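Now for the letters of each chain:
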Amino acid sequence: METVAHVVDRFMGLTDRLRFFFGPAARLDPDTPVTHRHDAFEQASEEELSHFVVETDGAGHHYAVRREDLEKQS
């Protein structure tokens with residue numbers, strides 16, 4: 001059975017070899033804001049999720065309810 005230290009050593013050796021082959025990881029400036037691009041898939045997802053409302057019960061559990069069902073209850 002391998003120890004955790006041995007597994008970590010093997011993983012680090014693998015990453016060293018990959019870094020040698022692919023080069024160092026590209027690092028971005030952490031102060032640069034993240035740019036979110038809205039593609040067709042994301043717009044379709046937002047449209048689909050817009051039919052739901054997030055509700056919270058007395059115990060703090062969150063769940064989604066269809067807007068149509070809320071309107072029927074009112």
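Above: the structure in question.
Residues numbered from 1 in each chain as written. Predicted model: local features only at pLDDT ≥ 70, side-chain atom pairs only at ≥ 80, totals over all residues. Heavy atoms only, no water.

**Some details on the pattern of salt bridges**
And then number 1: For the structure on display, the rule yields one salt bridge.
And then number 2: In this structure, Asp-16 engages Arg-19 in a salt bridge whose closest nitrogen and oxygen atoms are separated by 3.2 Å. Residue Asp-16 and its partner Arg-19 are both found in helix H1 (residues 4-22); the two are separated by three residues, about one turn of the helix.
And then number 3: With a relative accessible area of 41%, Asp-16 lands in the partly exposed category. (Salt bridge = Lys/Arg side-chain N within 4 Å of Asp/Glu carboxyl O. Helix = DSSP H or I, 4+ residues; strand = E, 2+ residues; numbered from the N terminus. Buried < 20%, exposed > 50% of the residue type's maximum accessible area, 1.4 Å probe, protein only.)

**Description of the pairing of strand E2 (residues 62-66)**
And then number 1: Relative to E2, strand E1 (residues 52-56) runs antiparallel, the two sharing five bridges. The residue of E2 that forms the bridge with Glu-55 is Tyr-63. (Pairing = 2+ DSSP bridges.)

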